[in-house]
Amino acid sequence: MTIAQVLDLAFGNIVRFFKEVSFRKEERGPISWNFVGVLALVQIYGLIMLFSASYATGYYRREGDIYYYIRQQAILALVGFVLMFLISNINYRSLRHVHWYLYVLTLVLLVWALFSEPQNNCNRWVYMFGTSLQPSELAKLSTILGIACWSDNHYEKRGSLLYGIFGTLLPLLPYIYLLYKEPHNSAIILIVLIAGTMMVCGGIGLRWLPLMAALGAMAIYLMLTGQENYVQQRLGAWGLTSGGEDEQVLYQTQQSLYSIASGGLTGLGIGNSRQKHLWLPEATNDFIFSVLCEELGFIGALLCIGLFAALIIQGIFIALRAPDYFGTMIGIGIMAQIAWQTFCHIGVVTATLPNTGISLPFFSSGGTSLLILLCEMGVMLSISRAGNARALAQQRREQQELVRRMNGGTPPGLRRHRKTV
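Bear in mind that the values here come from a model prediction, so they are computed numbers and not experimental data.

Caption draft 1: Spatial organisation of the overall build of the protein. What the protein contains, in helices and strands, is 15 helices and two strands. Restricting to contacts in the protein with at least 6 residues of sequence separation, those with at least 24 account for 75%. In the form shown here, the protein has an accessible surface area of approximately 21000 Å², with 66% of it arising from carbon and sulfur atoms.

Written out as structure tokens, the structure reads:
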């Protein structure tokens, strides 16, 4: 790579980003308000449940401040919605010019996290300006953007082994290694699932799926055998019975199942969970769905799952209506993240999956996750603007064609002129 190419990669993309950041008038359509409405319902539901699940923890562990968790989450939700609407006015195509900057920034933050103060024997956070940041959330967004750019740039070669598999996965290896060192296995699982979904939906050759499965199995084997019994303990506590060193890990799953079983059909009522009074660890984050089931029962859980399903389905429609392959790939990646994260969270709290910390989108406490998710929703709305603009333009062309045919194939202006003559 020449010096000119390095400088162009370092600075030229910034210029190209600002040149393309605004929509042209004919490309800027209305946003999909149905998607916004469902998202607002999910977020309101999430804030209500977070306050209900967190006030006991705030009272016992935050010097009686029952609003400790909900206060910062509500503020970040408002900030996030403002950012979402601002980003919706940015042409999503301009993001292709900044993905390398995001990639490098994420790597720097992941390395920084390894030297930061650990929590629960994990180095997952970066501390700056009096707050904390979880780089793994940026890694998910960077993965989506990077795969979308690579797939779009090599669209004609996406079915080959070199471009469809290795070219897509190689940039993810530094992320996976650094997350493995934290350790943060749930983030690794989500990144792999997001990448796999985008690759399959993006049109890689189906003949390479067995190879992908083999690589995934090898990665899982290495993860299971190389972390000083950390993962083995989690697997040993998978289920309803355990013993020995796994008993402490199983405790969290048992308390989660007690919460769900207590809820029954209609629940104990909002705010009436008993397990959240420090019986259920991480009730505000990794096990918030358990509190929801206890307080609102099967009906409340079904409503939560239904809202997520509606959000994901509408997001998929937005992705499929995008005017280009790049927009479709970004939309699929974002919706894959929400779908897999929701599935894994519910799977963990119901003991369907081994216990690993995965938050529930828009519900669990965590400022980094919420802000990045709402920024991703802004990208979805940007894609919807372009897709809706194209649909409206197509509708106008069809109406003009219909008018032309009704006028016997003569353009309306010329027909009036002939009548006058």
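Caption draft 2: Highlighting the packing of aromatic side chains. Inspection of every chain in the model, using the stated rule, returns 14 aromatic pairs. Taking the centre distance of 5.1 Å and the plane angle of 40° together, the rings of Tyr-103 and Tyr-175 count as tilted. Taken as a pair, Tyr-103 in helix H4 (residues 99–114) and Tyr-175 in helix H7 (residues 173–181) lie far apart in primary sequence, 72 residues in all. Tyr-103 gets classed as buried once you look at its relative accessible area, which sits at 14%. Overall, the relative accessible area of 0% leaves Tyr-175 in the buried class. Put simply, the rings of Tyr-45, Phe-308 and Phe-363 pair up and form one aromatic cluster.

Caption draft 3: Molecular detail of the packing of helix H2 (residues 33–61) against helix H12 (residues 288–320). The N-to-C vectors of H2 and H12 enclose an angle of 160°; their axes lie 10 Å apart at closest approach. Viewed along their axes, H2 and H12 adopt a mutual orientation that is roughly antiparallel. The handedness of the crossing between H2 and H12 is left-handed. Grouping the amino acids of the contact of H2 with H12 by side-chain chemistry returns 20 nonpolar, five polar and one charged.

Caption draft 4: Summary view of the pattern of salt bridges. Counted under the stated rule, the structure contains ten salt bridges. Residues Asp-152 and Arg-96 are paired through a salt bridge, measuring 2.8 Å at the closest nitrogen-oxygen approach. On the criterion of sequence distance, the pair formed by Asp-152 in helix H5 (residues 135–153) and Arg-96 in the loop between helix H3 (68–88) and H4 is long-range, its members being 56 residues apart. Judged by relative accessible area, which is 22%, Arg-96 ranks as partly exposed. Residue Glu-295 is joined to Lys-276 by a salt bridge in which the shortest nitrogen-to-oxygen separation is 2.8 Å. Remark: Lys-276 occurs in the loop between helix H11 (247–263) and H12 and Glu-295 occurs in helix H12; sequence separation between them is 19 residues. Classification of Glu-295 as buried rests on a relative accessible area of 0%. What makes Lys-276 buried here is its relative accessible area of 0%. Residues participating in the shared-partner salt-bridge network are Arg-24, Glu-26, Glu-27, Arg-93 and Asp-324.

Caption draft 5: Highlighting a nonpolar patch on the surface. On the surface, Ile-3, Leu-7, Phe-11, Ile-14 and Phe-18 cluster together to form a nonpolar patch covering roughly 570 Å² of accessible area. Along the polypeptide, Ile-3 turns up in helix H1 (residues 3–20).

Caption draft 6: Just unusual backbone geometry, in detail. Here Glu-182 and Pro-183 are connected by a cis peptide whose omega angle stands at -10°. Summarising the element assignment, Pro-183 is placed in the loop between H7 and helix H8 (185–202). Even without a glycine there, the phi angle at Glu-63 is positive, about 55°. With respect to the secondary-structure elements, Glu-63 resides in the loop between H2 and H3. A positive phi angle, near 70°, is found at Leu-278, a position not held by glycine. Relative to the elements of secondary structure, Leu-278 occurs in the loop between H11 and H12.

Caption draft 7: How the structure looks around the packing of H3 against helix H14 (residues 367–406). Remark: H3 packs on H14, axes separated minimally by 8 Å, with the N-to-C direction vectors making an angle of 25°. Accordingly, the angle class assigned to the pair H3 and H14 is roughly parallel. Crossing angle aside, the handedness with which H3 passes H14 is right-handed. Taking contact as the criterion, the partners of Gln-73, Leu-76, Ala-77, Val-79, Gly-80, Phe-81, Leu-83, Met-84, Ile-87 and Ser-88 in H3 are, on H14, Gly-367, Leu-370, Leu-371, Leu-374, Cys-375, Met-377, Gly-378, Val-379, Leu-381, Ser-382 and Arg-385. Grouping the amino acids of the contact of H3 with H14 by side-chain chemistry returns 14 nonpolar, six polar and one charged.

Caption draft 8: View of the nonpolar core. Within the largest apolar cluster, 80 residues are counted, with the highest numbers of intra-cluster contacts made by Phe-289, Ile-338, Phe-362, Phe-363 and Met-377. Tallying contributions element by element places H12 first for this core, with twelve residues. With five residues, the next largest nonpolar core counts Met-199, Ile-204, Trp-208 and Met-212 among its residues.

Caption draft 9: Highlighting the environment of Leu-76. For Leu-76, the position within the fold is in helix H3. Sequence separation of Leu-76 and Gly-367 is 291 residues, and the distance between their C-alpha atoms is 6.5 Å. Discounting residues that sit within four places of it in the chain, Leu-76 has contacts with Gly-367, Leu-370, Leu-371 and Leu-374.

Caption draft 10: Looking closely at the side chain of Thr-368. Inspection of the secondary structure puts Thr-368 in helix H14. Its relative accessible area of 12% is what places Thr-368 among the buried residues. A distance of 3.4 Å separates the side chain of Thr-368 from the backbone nitrogen of Gln-134, its partner in a polar contact. Sequence-distant contacts of Thr-368, that is, excluding residues within four places in its chain, are made with Ser-132, Leu-133, Gln-134 and Glu-137.

Caption draft 11: Expanded view of the environment of Leu-138. Locating Leu-138 in the fold gives a position in helix H5. Classification of Leu-138 as buried rests on a relative accessible area of 13%. The sequence separation of Leu-138 and Thr-368 amounts to 230 residues, and the corresponding C-alpha distance is 8.5 Å.

The rules we used
Residues numbered from 1 in each chain as written. Predicted model: local features only at pLDDT ≥ 70, side-chain atom pairs only at ≥ 80, totals over all residues. Heavy atoms only, no water. Helix = DSSP H or I, 4+ residues; strand = E, 2+ residues; numbered from the N terminus. Contact = heavy atoms within 4.5 Å. Areas by Shrake-Rupley, 256 points an atom, 1.4 Å probe, with all protein chains shown as cover. Phe/Tyr/Trp six-rings, centres within 6.5 Å; stacked < 30°, edge-to-face > 60°. Buried < 20%, exposed > 50% of the residue type's maximum accessible area, 1.4 Å probe, protein only. Axes fitted to C-alpha atoms, helices over the stretch in contact; angles between N-to-C directions. Parallel < 35°, antiparallel > 145°, perpendicular 65-115°, else oblique. Left-handed = near helix turned anticlockwise from the far one by under 90°. Nonpolar A, V, L, I, M, F, W, Y, C, P; charged D, E, K, R; others polar. Salt bridge = Lys/Arg side-chain N within 4 Å of Asp/Glu carboxyl O. Patch = residues over 30% accessible without salt bridge, like charges linked within 9 Å, V, L, I, M, F, W, Y side chains within 5 Å. Core = buried A, V, L, I, M, F, W, Y, C linked by side-chain atoms within 4.5 Å. Polar contact = N/O pair within 3.5 Å; in protein donor to acceptor, adjacent residues only side chain to side chain.

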